[in-house]
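Listed below, chain by chain, are the residues.
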Amino acid sequence: MSQSVLSSIHVHPLKAVRGHAPREAVVEPWGLAGDRRWVLVDSANKIVTQRPHPRLALAAAEQLPGGGVRVSAPGMDPLTVEVPEPGATTTIEVWKDKVEAVLADPAAHAWWSAYLETDIRVLHLDDPATRRPIDPEHAEPGETVSFADGYPLLLTTLSSLDALNSLIAQGDHADEGPLPMNRFRPSVVVSGTPPWAEDDWSRIAIGEVTFRIAKKCGRCVVTTTDQETAERGKEPLRTLARHRRFGDQLCFGTNLVPESRGSVRVGDPVTVLA
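The paragraphs below set out a description of the structure included in this document.

What counts, and where the lines are drawn
Residues numbered from 1 in each chain as written. Predicted model: local features only at pLDDT ≥ 70, side-chain atom pairs only at ≥ 80, totals over all residues. Heavy atoms only, no water. 1 Å grid on protein atoms, 1.4 Å probe; cavity = no way out; pocket = protein on both sides within 12 Å on 5 of 7 lines; lining within 4 Å. Points joined across faces, edges and corners; volume = space filled by probe spheres on them. Helix = DSSP H or I, 4+ residues; strand = E, 2+ residues; numbered from the N terminus. Nonpolar A, V, L, I, M, F, W, Y, C, P; charged D, E, K, R; others polar. Expected span 1.5 Å × (residues − 1). Buried < 20%, exposed > 50% of the residue type's maximum accessible area, 1.4 Å probe, protein only. Contact = heavy atoms within 4.5 Å. Polar contact = N/O pair within 3.5 Å; in protein donor to acceptor, adjacent residues only side chain to side chain. Pairing = 2+ DSSP bridges. Axes fitted to C-alpha atoms, helices over the stretch in contact; angles between N-to-C directions. Phe/Tyr/Trp six-rings, centres within 6.5 Å; stacked < 30°, edge-to-face > 60°. Lys NZ or Arg CZ within 6 Å of the ring centre and 35° of its normal.

### A look at the layout of surface pockets
The computed volume of the largest pocket comes to approximately 990 Å³. Contributing to the lining of the largest pocket are 39 residues, with Arg51, Trp95, Asp149, Gly150 and Gly218 lying nearest its centre. Secondary structure elements with two or more residues in the lining of the largest pocket: β11 (153–157), β14 (209–218) and β16 (249–258). Residue composition of the lining of the largest pocket, by class: 15 nonpolar, nine polar and 15 charged. Estimates place the volume of the second largest pocket at around 220 Å³.

### Details of unusual backbone geometry
The step from glycine 177 to proline 178 runs through a cis peptide bond, and the omega angle for that step is -5 degrees. On the secondary structure map, proline 178 appears in the loop between α2 (158–169) and β12 (188–191). With an omega dihedral of 10 degrees, the bond running from glutamate 235 to proline 236 counts as a cis peptide bond. Not every positive phi belongs to a glycine, and arginine 185 is a case in point at roughly 45 degrees. As for its placement among the helices and strands, arginine 185 is situated in the loop between α2 and β12. Phi at alanine 230 takes a positive value of approximately 70 degrees, unusual for a residue other than glycine.

### Quick notes on α2
When the terminal C-alpha atoms of α2 are compared, their 16 Å separation across twelve residues agrees well with the 16 Å that a helix rising 1.5 Å per residue should span. Taken together, the buried positions of α2 are occupied by Ser159, Ser160, Leu161, Ala163, Leu164, Asn165 and Ile168.

### Focus on helix α1 (residues 106–116)
Among the residues of α1, those classed as buried are Ala108, His109, Trp111, Trp112, Ser113, Tyr115 and Leu116. For α1, the elements touching its buried residues are β4 (38–41), β6 (69–72), β7 (79–81), β9 (97–103) and β10 (121–124). Where α1 begins, the capping side chain belongs to aspartate 105, and its oxygen is found 2.9 Å from the backbone nitrogen of alanine 107.

### Notes on the sheet that holds strand β8 (residues 90–94)
The strand order β4-β10-β9-β8 describes an open sheet built from four strands, whose pairing is antiparallel. Strands at the two margins of the open sheet, each flanked by one partner only, are β4 and β8. Each neighbouring strand pair of the sheet contributes to a mean axis angle of 55 degrees, computed without reference to strand direction. Sheet topology places β4 next to β10; four bridges connect them, and they run antiparallel. Counterpart to leucine 40 in the pairing with β10 is valine 122. The sheet strands contacting α1 are β4, β9 and β10, and the helix crosses β10 at an angle near 130 degrees.

### Overview of the environment of threonine 144
Relative to the elements of secondary structure, threonine 144 occurs in the loop between β10 and β11. Owing to a relative accessible area of 6%, threonine 144 belongs among the buried residues under this scheme. The sequence separation of threonine 144 and arginine 183 amounts to 39 residues, and the corresponding C-alpha distance is 25 Å. In this view, threonine 144 contacts Pro29, Trp30, Pro128, Ala129, Thr130, Arg132, Pro133, Ile134 and Pro152; residues no more than four positions away in its chain are not counted. Polar contacts involving the side chain of threonine 144 include one to the main-chain carbonyl oxygen of proline 128, which spans 2.7 Å.

### Comments concerning the sheet that holds strand β3 (residues 31–32)
Reading across from one edge, β3-β2-β17 is the order of the three strands in this open sheet, with antiparallel pairing throughout. The open sheet terminates on both sides in strands that have one partner only, identified here as β3 and β17 (262–265). Two strands pair when backbone bridges link them, and strand β2 (residues 24–28) and β17 are joined in this way by four bridges, in the antiparallel orientation. Paired with glutamate 24 across the bridge in β17 is arginine 265.

### Let's talk about the packing of aromatic side chains
Applying the stated criterion across every chain yields a total of five aromatic pairs. Where tryptophan 111 meets tryptophan 112, the ring centres are 4.8 Å apart and the plane angle is 70 degrees; that geometry is what we call edge-to-face. This pair shows no difference in class: tryptophan 111 is buried, exactly as tryptophan 112 is. Judged by centre distance (6.1 Å) and plane angle (80 degrees), the ring pair of tryptophan 112 and tyrosine 115 falls under edge-to-face. In this pair, tryptophan 112 and tyrosine 115 both sit in helix α1, three residues apart, roughly one turn of the helix. A relative accessible area of 2% places tyrosine 115 in the buried class. Clustering of aromatic rings is evident, with ring pairs tying together Trp111, Trp112 and Tyr115. Against the face of tyrosine 115 rests arginine 55, its NZ or CZ located 4.1 Å from the ring centre. Here the basic side chain of arginine 244 rests over the ring of tryptophan 196, its NZ or CZ set 4.0 Å away from the ring centre.

Right under this line is the structure:
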């Protein structure tokens, strides 16, 4: 069997919008460096995602030196958002978690409010080492996560996407496939594995960094959103419901928790340790 390797890396500085695909990334305990350190919230201080706002798929955030971001979206002039000065925090709701974060400059709130045509505020995660513990059912004491849905990294494999697309091609909505990997917004993508091999992993190494597998990743309506047009269809959830249901979740990909620090690079070997 051919050696499994890291095929691509994906960093999303601002949750729910487009990110970028570097050739190398530093792995921190709470995720890839710079990944999902910024978030949008509504007037109730709850996170804003592509679930109710699919147009976020058309917006992008470029990571800048020092941790700031440059945001862009159709019909909007690009805006640079600097990391806010340390100070008072605001309590926001990230799914079921209450998290402290620091408000960005008011210009950022106005920019996003104009784009989404609703009241939006922008916040930065100032201290990822302490602000948001991982679900204790799948974590060790002291492990934390950024503004990602639940875990520091999400891994997917090219072979599993190929297998899923083959199943979609046999279904009632074959015209929606094949789907690209960006529907699943992974952190790392691996090539050279058998389809669904990741289901059976419990520990892996990517290059010099080791990871624990926390759990399979349950998927939501965001996966049905075309990341190029913001239009929604039925796939992949229709096919996942038929072939990839685990309990009450429709799963694609697996969640990782780093066991060590280091850097990962495209082309690094991926080794199953357990």
